[in-house]
Structure formats: structure tokens, C-alpha cells
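What follows is each chain in one-letter form.
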Amino acid sequence: QPTHTTPTTPAHAASPCPTPPAARPVMDAENRVVLNVGGIRHETYKATLKKIPATRLSRLTENLANYDPILNEYFFDRHPGVFAQVLNYYRTGKLHYPTDVCGPLFEEELEYWGLDSNQVEPCCWMTYTAHRDTQETLAVLDRLDLDTDKPSEEELARKFGFEDDYLSGNLSWWQKTKPKLWSLFDEPYSSQAAKVIGVISVFFICVSILSFCLKTHPDMRVPVIENVTVTTPENTTAWTLDKKATNAHEAFFYIECVCNTWFTFEILIRLIASPNKFEFLKASVNMIDFIATLSFYVDIILQKFASHVENADILEFFSIIRIMRLFKLTRHSSGLKILIQTFRASAKELTLLVFFLVLGIVIFASLVYYAERIQANPHNDFNSIPLGLWWALVTMTTVGYGDMAPKTYVGMFVGALCALAGVLTIALPVPVIVSNFAMYYSHTQARAKLPKKRRRVLPVEHVRAGPVIPPPKRGGGPNAVRGPGPKMGKLVQ
């Protein structure tokens, strides 16, 4: 068999001595850093953490209290799931939002690590900012005061501005009575007595509205008869009875007197016992209550002193403000509060809806006016554009009274376009309003099911940082320590 020989290389021609294999990992280990976040270890390069300066991770040194020299790692007692996205931001320069955490928690973690929350990628921005809309909704519900729990005495004292007297125990008789009166007449669910007062108030509101409506029925009115002198064909004078007018039955007056007596008593008590007189008078429901109650007394004065004035019946039109007392039921129904708040929150959508309707009404009123004049049309209902505005309004809103209708083919085509445009114009903003109502209602139902008393979380007590103890030497000497060395105290950064 042939033999193979390996040529020998002269010593002077040998290549330079390569770096020992053990040297490369040692140099690479010096450039790496271990981060223990919430029990999960992450390993990365120090240069990676230097990519975003002026942040917590870019200023890591071994002198920090949360550095463990035994394990050669930094410990942070923070959320490990969020930190994965934070470390990925250092690696790739793109900050994504984890969908398994709440928005405020993500913001707190970013603030801790010294990062800007506005650097979230556009693909995650809508999901990330959804919690801000939720927080705004919860703030609105807090202002609506939908909670039915009875506040504590300290909260009442803080609300009425005599917290110092309550803490010192120097409350006067009026200071003790005023919150009770306010809760009795303004918070229907605060006690059984308040519920009774609320039922009485609702009863008088319903009776007042019912009386206001029934007294206009012909069967509920009494004719006003007067004697009239007439001249007969024989040139003699005779007396006859003539119906001059009709008035509401006298019983309705007494019913309104009783109801308005209660309304006057109620609003005076609430005004006297209110925590803030200016805020009380500024509330829209209270303003309606004031005006409606005042209109009753003004109506009595006008009937007594101005009944002989011509067209005095027009003044009774202003008594329609009493029908607005129905808004007082918002104090007893959370659903009405949510409905009113829905219209407030949807003001932009409602304004947009009205703008589109007005734009379409003007356009189609002008089109149908000229379309009806193209052909011979002896029964033309559109003699002017202002008349066409009424037709366009009832057509776009799909009411269609039928009092005006196009007769020509061109006018019918314009009418078809007007009806289709009205359906689309009204249908587009309505889902936004419905979603606002569903959002407020769902949050209200969720708040009602939450426990009112939460468990207190004690604050974290930081461990005092002691002197840095170097790791003990290991070996066979008399002072050698067997087993794991002592760990230094950690201080949460």
C-alpha cells in the first residue's frame, strides 16, 4: 500500500499563533449584560442599550444597588411582559404595544424605563390609545354621579367644605343637618326616606304634566257665557246668552296649586342645603325647574291683571316650559342621564348631520324648482325655492307628507335622488351616536357590578443599601467559605 507523508513546514514559515479559543468568549462576555426583570432573564449587548441615550438602561453601572455581583446581573422588579417590548425597542428601534396589558400599565412601564410613549408605532397607536377614551368615559360617569352608594361622613364634610370642623369634632347643628337635607331631597337612593321623597316628587311631576295636557281637552273645558243685548226685527231689545270662550275646569287650577307648592318647597330646600349655591343655580335641570315654577306664578298674575288685554292667550304659550319638568326625572333615572350625555358627546356628529341635511335641502329644492318648470305643468306645487325647501326636508327625512309632489319626469328623478341622499345622509352619522350610547351604558353596567371597597395595597418598603461586601474567596485556606456567598442587599431603583 502506498504511504502518504505530510510535508513539514519550516519553523520560520509558520503562520502567526492564533488567539486561544478561550479568549474570544471572555471578550464577548465583557460586552454582554444580563437583565433580570420580574424573574425572567434577558441577555443583550451593552452597545444595544447605548442606542437610546438618557434612559435607565443606558446608564447601567456595577455601582447600582440592584446589581448582583455574584450572579453578574441587574435585577428590576418590573413587569416582564412589557420589558420584552422595551428591549425589542432598543434592538430594532420600533416600539410596539403588547395587547395583553392595559394601556396605563404600559405607560407607567415606559415612564419607568425613561422612554417616550409617543414613539409607539402607528400600527399599534389606535389600540394603545383606546384606554384614554375609556378614561375620559369614566371621568364623565364620575361627573354624572351615577353611583348609588351612601358617602361616608368624612366625604360629606369634604363636599360641604367643613372638613376641618369635622376632624376637630366641632360640627354645629346646621353643619350636621345640612348634608342630611341635601341627601334627602337631591340623592333619591341615599336612604329609605330619600326614596320616599323621590317617589313623591315623581308623583307630583307626573300629575302636573297630566294636568297640563288634560286641561286642553274640549271635554275638560268650561264655556264662558255672557249676556248679549240684541235688537229684534220688531225694534225691541232682548237678552241672549253667548259663549265667549272656554276655560279649563276650576279643578285643574287647584291641582296645579298643590303641585307647584310642592315644587316651590322642594327647590327652596335644595337651594338652602346645596353645597355650592352658584353650581346649583348654574345646573340646567335646576334652571328649568326655576323657570317652570316661576311661570306658574306669572300666569296667575297675568290672569288676574292682564286677562282683558287683546291676544292675552299668546302669553299662555310660555307656560309650555312646564312640560320641561320631565327633565327632573334625570335625578331618578341613570338611563336619562346617559341619554343626555350621549347627545353631548355626539355634538360633532349631530352638527355634521344637520350640515349635510341643510346642504342637501338647498340643493334639491333648487333642482326640483327648475325641473318642474322644464315641461308643461299646470299643477306645479313648486312656485318658489322656499316652498321646495319644505318638500326637500320631508323627503330627505323620509317623512313624506304628500302635500307637495313633483309631477314631471325630471322632477320625479330629482325626488328619487333626494330620497336616496337623505337615507344615506342620516344613516352615516347615526351608528356613531348609537356606539356612544352603548359605550356609556356598558361602562355604567360594569361600574355597578364592581366592588365598592377595594383591598388596600401596602406601599413597598425599600431595603436599605448596606456596604458593598466583596464576594468571599474560595479555596482550601482556613478562611474559605463553603457554599454560595452572601448576597448584597438590593435597592429598588
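Residues numbered from 1 in each chain as written. Predicted model: local features only at pLDDT ≥ 70, side-chain atom pairs only at ≥ 80, totals over all residues. Heavy atoms only, no water.

## Quick notes on the environment of Leu428
Okay, step 1: Of note, Leu428 is situated in the loop between α17 (409-427) and α18 (430-449).
Okay, step 2: Taking the C-alpha atoms as reference, Leu428 lies 8.5 Å from Leu353; in sequence the two are 75 residues apart. (Helix = DSSP H or I, 4+ residues; strand = E, 2+ residues; numbered from the N terminus.)

## Digging into α17
Okay, step 1: Between the first and last C-alpha of α17 there are 27 Å, a value that for 19 residues agrees with the 27 Å anticipated at 1.5 Å per step.
Okay, step 2: Within the span of α17, buried status applies to Gly411, Val414, Gly415, Cys418, Gly422 and Thr425. Projected down its long axis, α17 carries its buried residues within an arc of 100°, all on one side. In α17, those exposed residues whose orientation departs by more than 90 degrees from the buried face are Tyr409, Phe413, Leu420 and Leu424. (Expected span 1.5 Å × (residues − 1). Buried < 20%, exposed > 50% of the residue type's maximum accessible area, 1.4 Å probe, protein only. Arc of directions from axis to C-beta.)

## Looking at the packing of aromatic side chains
Any two aromatic rings considered together are summarised by their centre-to-centre distance and by the angle between their planes.
Okay, step 1: Taken as a whole and assessed by the stated rule, the structure comprises 19 aromatic pairs.
Okay, step 2: Ring centres of Phe76 and Trp113 lie 5.0 Å apart, and the angle between their planes is 65°; on these two criteria the pair is classed as edge-to-face. In this pair, Phe76 is assigned in strand β4 (residues 73-76) and Trp113 in helix α4 (residues 103-113), connecting sequence segments 37 residues apart.
Okay, step 3: Between the aromatic rings of Tyr112 and Trp113, the centroid separation amounts to 5.0 Å while the plane-to-plane angle is 80°, which identifies the pairing as edge-to-face.
Okay, step 4: A relative accessible area of 13% places Tyr112 in the buried class.
Okay, step 5: Taken together, Phe185, Phe203, Phe204, Trp262 and Phe265 form an aromatic cluster joined through their ring pairs.
Okay, step 6: In this arrangement the basic side chain of Arg56 is found over the ring face of Tyr112, its NZ or CZ atom lying 3.9 Å from the centre. (Phe/Tyr/Trp six-rings, centres within 6.5 Å; stacked < 30°, edge-to-face > 60°. Lys NZ or Arg CZ within 6 Å of the ring centre and 35° of its normal.)

## Comments concerning the UniProt feature "transmembrane region" (unreviewed entry) in the protein
Okay, step 1: Those residues carrying the UniProt feature "transmembrane region" (unreviewed entry) are residues 196-214, 350-371, 383-402 and 409-434 in this numbering.
Okay, step 2: Secondary structure across residues 350-371 divides into 100% helix and 0% strand, with the first and last C-alpha atoms of the span separated by 31 Å. (UniProt positions renumbered as here; feature names shortened; annotations may be inferred.)

## Overview of α4
Residue pairs three or four apart in sequence face the same way in an α-helix, which turns once every 3.6 residues.
Okay, step 1: Along α4, the residues that are buried comprise Gly103, Phe106, Glu109, Leu110, Tyr112 and Trp113.
Okay, step 2: Downstream of α4 by a residue or two, Gly114 has a phi angle that is positive, lying close to 80°.

## With respect to the pattern of salt bridges
Pairs can form between side chains of opposite charge whenever their charged atoms are close.
Okay, step 1: In total, this model carries nine salt bridges according to the counting rule given.
Okay, step 2: With a closest N to O distance of 3.3 Å, Lys328 and Asp289 form a salt bridge. Here Lys328 is found in the loop between α13 (284-305) and α14 (334-345), whereas its partner Asp289 is found in helix α13, with 39 residues between them in sequence.
Okay, step 3: Accessibility expressed as a relative area gives 2% for Lys328, which makes it buried.
Okay, step 4: Salt bridges linked by common partners bring Glu266, Asp289 and Lys328 together as one network. (Salt bridge = Lys/Arg side-chain N within 4 Å of Asp/Glu carboxyl O.)

## A look at the sheet that holds strand β3 (residues 67-68)
Okay, step 1: Strand order across the open sheet formed by four strands is β2-β1-β4-β3, with mixed pairing between neighbours. Every interior strand has two partners, whereas the edge strands, β2 (40-45) and β3, have only one.
Okay, step 2: Against the sheet, helix α3 (residues 80-92) engages β1 (32-37) and β2, with an angle of about 5° to β2. (Pairing = 2+ DSSP bridges. Contact = heavy atoms within 4.5 Å. Axes fitted to C-alpha atoms, helices over the stretch in contact; angles between N-to-C directions.)

## Details of unusual backbone geometry
Okay, step 1: Residues other than glycine seldom take positive phi values, yet Ala54 does so here, at roughly 60°.
Okay, step 2: Inspection of the secondary structure puts Ala54 in the loop between α2 (46-49) and β3.
Okay, step 3: Residue classification places Ala54 among the exposed residues on the basis of a relative accessible area of 63%.
Okay, step 4: Even without being a glycine, Thr398 presents a positive backbone phi close to 60°.
Okay, step 5: Within the element layout of this structure, Thr398 appears in the loop between α16 (385-396) and α17.

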